[in-house]
Amino acid sequence: MRLDTALEQGGLDQLVHVSSAQGEHASLRRLLCDLIEEYGRHTGHADLLREAVDGRVGEDPPPGWRPTSGR
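First, a word on what this report is: a plain description of the structure on this page.

Rules behind the numbers
Residues numbered from 1 in each chain as written. Predicted model: local features only at pLDDT ≥ 70, side-chain atom pairs only at ≥ 80, totals over all residues. Heavy atoms only, no water. Helix = DSSP H or I, 4+ residues; strand = E, 2+ residues; numbered from the N terminus. Polar contact = N/O pair within 3.5 Å; in protein donor to acceptor, adjacent residues only side chain to side chain. Contact = heavy atoms within 4.5 Å. Expected span 1.5 Å × (residues − 1).

1. Topic: the side chain of S27
So, point 1. Considering the arrangement of structural elements, one finds S27 in strand 2 (residues 25-27).
So, point 2. One polar contact links the side chain of S27 to the main-chain amide nitrogen of R30, over a distance of 3.1 Å.
So, point 3. Not counting chain neighbours up to four residues away, the residues in contact with S27 comprise L12, D13, Q14, L15 and V16.

Shown next as structure tokens:
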């Protein structure tokens, strides 16, 4: 796994190859935190879309639950 290799070769504080327009490199720690944040944001958006489609909230529907759209 690429992350395992990167951690073995320098840990979270090593700089990544991607840089800003000014040539500044972020740490692997910063990159991972940004990815986790972005993933969480989009997961939340997907939940909102699903709720808008079928009206269900939460992870497991109660027994006998049916979509409000009638499908």
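2. Comments concerning helix 2 (residues 28-54)
So, point 1. Taking 1.5 Å of rise per residue, the 27 residues of helix 2 would be expected to cover 39 Å, and the 39 Å separating its terminal C-alpha atoms lies within 8% of that figure.
So, point 2. In the segment just after helix 2, G55 is the residue with positive phi, at about 80 degrees.

3. What about the environment of G55?
So, point 1. Along the polypeptide, G55 turns up in the segment after helix 2.
So, point 2. Taking the C-alpha atoms as reference points, G55 and R66, separated by eleven residues in sequence, lie 9.3 Å from one another.

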